[in-house]
Amino acid sequence: MKFTLGWLEEHLETDAPLDEIARRLTMLGLEVEGVENPAAALAAFRTARVVEAKQHPDADRLRVCIVDTGKGTVQVVCGAPNARTGMKGVFAPSGSHVPGTGLHLKKSNIRGVESNGMLLSERELGLSDEHAGIIELPDDTPVGVPAAAALGLDQPVIELAVTPNRGDCLGVRGIARDLAAAGVGTLKPFEAAPLPGRFESPIRWQCDFPAGAGDACPMVVGRSFRGVRNGPSPKWLQDRLKAIGLRPISALVDITNYITFDLGRPLHVFDLDKVAGDLTMRFARDGETLDALDGRTYTLEDGMTVIADASGVKGIGGIMGGAASGCTESTTSLFLEVALFDPVRTALTGRKLGINSDARYRFERGLDPQSALWGAEVAARMILDLCGGEASALTTAGEMPDWRRTATLRPERLASFGGADVPRDAAAAILDRLGFETKVENGRIRASIPSWRPDIEGEHCLVEEVLRIHGFENIPALPLQRETALPAPALTPAQRRVALARRQLAGRGLMEAVTWSFMAEAQARLFADIPDGLRLANPISADLDVMRPSILANLALAARRNADRGYADVALFEIGPAWRDDTPDGQDTVAAGLRHGKMSPRHWAAPVRPVDAFDAKADALAALAAVGAPVENLQADRGAPSYYHPGRSGVLRLGPNVLAQFGELHPAVLRGLDVGGPAVGFEVFLGRVPQPKSKGGRARPPLDVSAFQAVTRDFAFVVDAGQPADAVVRAAQSADKVLIADVSVFDVFEGEALGAGRKSVAISVTLQPREATLTDAEIDAVAAKIVANVAKRTGATLRG
Amino acid sequence: MEDLEQIRAELLAAVAAAAGPDALDAVRVNALGRKGRITELMKGLGALDAEARRAAGQELNSVKAAVAEAIDRRKRTLDDAALEGRLAAESVDISLPVRPERQGLLHPISQTIDEVIAIMGEMGFAVAEGPEIEDDFHNFGALNIPPEHPARQMHDTFYMKEKPDGSRLLLRTHTSPVQIRTMESTEPPIRIIVPGRTYRSDSDMTHTPMFHQVEGLVIDKTTHFGHLKGCLIEFCSAFFEVANVPLRFRPSYFPFTEPSAEVDINCSRQGNTLKFGEGDGWLEIAGCGMVHPNVLRACNIDPEVYQGFAFGIGVERLAMLKYGIPDLRTFFEADLRWLRHYGFLPLEVPTLLRGLVP
């Protein structure tokens, strides 16, 4: 919403300086987005008179002008077809900057003729796209005065961001009313006395809506005019429209635009001679079309409110009129439409048709219902003033909706809800200044809600109105009292685990990334089938059209981007959502990480090796350990999803509960993502990790260490190559659960000497006695049990 | 006795002359070994009478001690020399780089959320979470945004594909649905913050289709607008580490709060850095207000008994302002150079007690 300071002063008597007005507007909730005086950008340009214009000796299209700038005469070469002796225009001297073209003017020589400066077009001034010729100022314009003043542009233009609840401030008068209520001046009286009609309108309004849909257009008022002259509107009106970025068209159209912005009351005028019979408000019939004022043709459907005559649709209610029935310079008779339209239907229709108009913007935010009547009077006065002629009596259809409502404010709520100490009478006075009519009953303020404030619902709204005018800055800030002296933990155990996993993974050298929750379906399908529920109906782009089934996809793509930039060996992780379906339970919190390329850079003292599945397994185990998963009891098995390498991947599970999966990413998946290998990844499903039992408090069991020397013995077994090493370890462990403290694998190899399909697994077993130092005989006995148990469980033989 | 003095002199000279450990050992054997000269003399003492034996024994022991001590001293000298020689031979080029290690860093969004939790946690807020694929009721309806409300246009909503029954889910446009879910399941008093991902169909210099918010909600019987101001002023002072940072509460409009305000922080821009609490610039950092009675009613909470406030802050905005990150879009690119430059060491969880930033 834009307006000039002068325009505001039409409604507000005030001495307040501009910056004070701007500050107060913002603090009233009418946020000032900008205050600009176009004169500032045009300061270098002055009015000038072309003393003489003659043909350039050496160029057909150029003229050599002697220009009186008010400070003397200069010679200017000008290419505009309308440059001629005696005209007045806008002169830009050498050294000035032309805003519309970005050109810095210098004294120059154009085909042998010296040129000092320029006569400007509207486009060169940055005012419009008009570039057919240079600006022509009226003959009575003084020479040498600032061009901005002569063009009516030396008015500060204020632009507000008006919130959707304040439709009443989409007119300058509503803004003035708020300022007056806040003590910034006095609101001037509003003149809208009925204007007697001189004849009966030849066109009458009809409303024809299906039962129950009358609220689509509850009331419409109109009147006819005859004998009008529709020329250009007067300069003051054109200036105001231009200042806020509207193009003057003709007096009649300019009047409707002016009242739209002045009073927030959109209007429409029909050329009476282009309307056949009475006008009817009704819903469109499916397939009806309208060639609208914006030059486009719209196909309409049932439920869209239209204005129609006997021949068809003439306008889309509250949105835009038709081109054929609009007023032109030759219009002498017209019909004025002042309607009320349902905000919801107007918004829906506008959205469906893709039309954003100043009318729609106001109707969908709710109009003052009384404006149906006063609008017809204000507009009639202006039409008669500017275009002459005479006005008919009003024609009306429908009824004014009952807007009379009241709300009650308990004054103590200003303090107990609003935190502000505003006395009752001061609060009532604020509401009165805003147009509420208040009276005090039983200590409460009973307020009649003004017709232009459909947003006011009840007491909380009255509190807001009073506080807004009183000033939020005048509400004392109080500390929020805690319920307990010390705070309780802010995080649940599950939330803490996310934080622990994050810090653990970063500590292991992985960089934390945050990537989109959505991705391209074609790439997502490499990871999982995407159910319909995870497809976006309106993705922002085709490569972000489904919710991600796995974070690894995004991390792999990020690795590719980094590799493209020369950083091939990245280690990234992200903790965030991945989706199985669209239910609240279908969203998993996953800690996922990806290592790409080499584990470390080439180095003089450390060998280079590519990342492998065990790097990912280590990351997964570390994350699981950090979040308190019983890592000792986890089983590593095959069974990772198919986007992992089938032979170099696995899951970590507790019984059937898969807590994590890890491994090399499948080469075909990497190819599908256009990512060079190798890449390994892991996914830890944080929500599946069982919560530690809280029973028993924080105390740890007593430390139990043995005083006797531990003994280590090594064994090498030959087993089937398909036998997991873990089976050998577990078999060894179970040989003596008391004595055996640790079993670790220290060597694995396959070779011809072992026979085809066989491998050697060497383990180191630590025996920890508790009663006495072990004798050789006892050690031998345990060793024999280990060999026997491993042989029994895995079919292994001890390597000779 | 002359004999003994001479032996002492000879042996000490031999010790001093021993050039290496082996030579020294030979001297030791020759003097103190089983058949060494001093040992042999010791054996001869038995033939003397008691008086003479005592005197001669003393003399001999003194020689033996002197020689043994000389051998020890010589051994240390030789060892020291040998070690010195070895160390001189095994020096390395200490300018060489160490073995590679990686240090991971936390994303500024995680750090910022942890800082917010640290501050709000001190004020008694607990962290709540909820699903990101939401239904219309929790994202809009319960928040006093009926279907054709113009405010829905302020939220460029991502919708999921329509279901066979005509309903459609959406990606939450704010973290406010978690307010609703919490109020539905919890009796007041309620004091929560909700950090999380949010989505709007908007992409340009200052908007990304996904971003993070922290929502705050307080519901009890007495909390009013003055407490809202106090809470956010304290938060901003702690977060930006500026005492009494000036905040401006500007009336605004949100369907789910009334009165509503937008919150601006006073700052001045000096190059790439912002100075808070000085200059005449104001930057918007939060939206807030008293919870609308319709929102309470939608959650079966009686607005005549309970009241409270809610606020929403953009996490990326906080991070950009505090850490001087110029471009929102770079947050989600996972560019290693960016992560290294703007990331945070994971060693310490932010707390007010120890300081927010490691």
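Conventions and cut-offs
Residues numbered from 1 in each chain as written. Chains lettered and ligands numbered in written order. Predicted model: local features only at pLDDT ≥ 70, side-chain atom pairs only at ≥ 80, totals over all residues. Pairing = 2+ DSSP bridges. Helix = DSSP H or I, 4+ residues; strand = E, 2+ residues; numbered from the N terminus. pLDDT = per-residue confidence, 0-100. Contact = placed C-beta atoms within 7 Å. Core = buried A, V, L, I, M, F, W, Y, C linked by C-beta atoms within 7 Å. Buried ≥ 20, exposed ≤ 12 C-beta atoms within 10 Å, placed from the backbone. Axes fitted to C-alpha atoms, helices over the stretch in contact; angles between N-to-C directions. Domains from an automatic or database assignment.

1. Topic: the sheet that holds strand β6 (residues 73-78) of chain A
All names here are of chain A.
- Ordered in space as β6-β5-β4-β7-β12, the five strands form an open sheet in which the pairing is antiparallel. In this open sheet, the two edge strands, each paired with only one partner strand, are β6 and β12 (118-119).
- Pairing between strand β7 (residues 88-92) and β12: two bridges, direction antiparallel. For Phe-91, the partnering residue across the bridge sits in β12 and is Leu-119.

2. Details of the confidence of the model for chain B
- In this model, chain B carries a mean pLDDT of 91, and residues with pLDDT of at least 70 account for 98%.
- Here the complex is predicted with pTM 0.86, and the ipTM for its interfaces comes to 0.88.

3. With respect to the interface of chain B and chain A
- Tallying the contact residues gives 70 residues for chain B and 78 residues for chain A.
- The biggest single contributor to the side of chain B that touches chain A is helix α8 (residues 225-240) of chain B, with eight residues.

4. A closer look at the nonpolar core
- Ranked by size, the top nonpolar core spans 259 residues in total, and within it A:Ala379, A:Ala556, A:Leu572, A:Leu624, A:Val684 and B:Leu232 carry the most contacts.
- Residues contacting A:Leu624, with those up to four places away along its chain left out, are A:Ala629, A:Val631, A:Leu652, A:Leu659, A:Ala660, A:Val684 and A:Val689.
- Counting 30 residues, the second largest nonpolar core, distinct from the first, contains A:Val50, A:Val76, A:Leu125 and A:Ile135.

5. Brief notes about the sheet that holds strand β27 (residues 405-409) of chain A
Residues and elements named next belong to chain A.
- Pairing in this open sheet of three strands is antiparallel, and the strands run β27-β29-β28 from one edge to the other. Because the sheet does not close on itself, it has two edges, and the strands there are β27 and β28 (437-441). Adjacent strand axes in the sheet meet at a mean angle of 25° when their direction is disregarded.
- Sheet topology note: the β28/strand β29 (residues 444-449) ladder contains five bridges and is antiparallel. Paired with Val-440 across the two strands is Ile-445, which belongs to β29.
- Sheet strands in contact with helix α14 (residues 459-470) are β27 and β29, and its direction is about 70° off that of β27.

6. Concerning the environment of A:Asp582
- Looking at the element boundaries, A:Asp582 is found in the loop between β33 (571-579) and β34 (587-596).
- C-alpha of A:Asp582 to C-alpha of A:Asn165: the two residues are 417 residues apart in sequence and 34 Å apart in space.
- Those residues within four positions of A:Asp582 in sequence are excluded, and the remaining contacts are A:Gly533, A:Leu534, B:Ile133, B:Met160 and B:Leu169.

7. What about the domain arrangement of chain A?
- For chain A, the domain assignment lists domain 1 (2-37 + 156-187), domain 2 (40-150), domain 3 (205-398), domain 4 (405-472), domain 5 (493-688) and domain 6 (711-798).
- A straight line from the C-alpha centre of domain 3 of chain A to that of domain 4 of chain A covers 36 Å.

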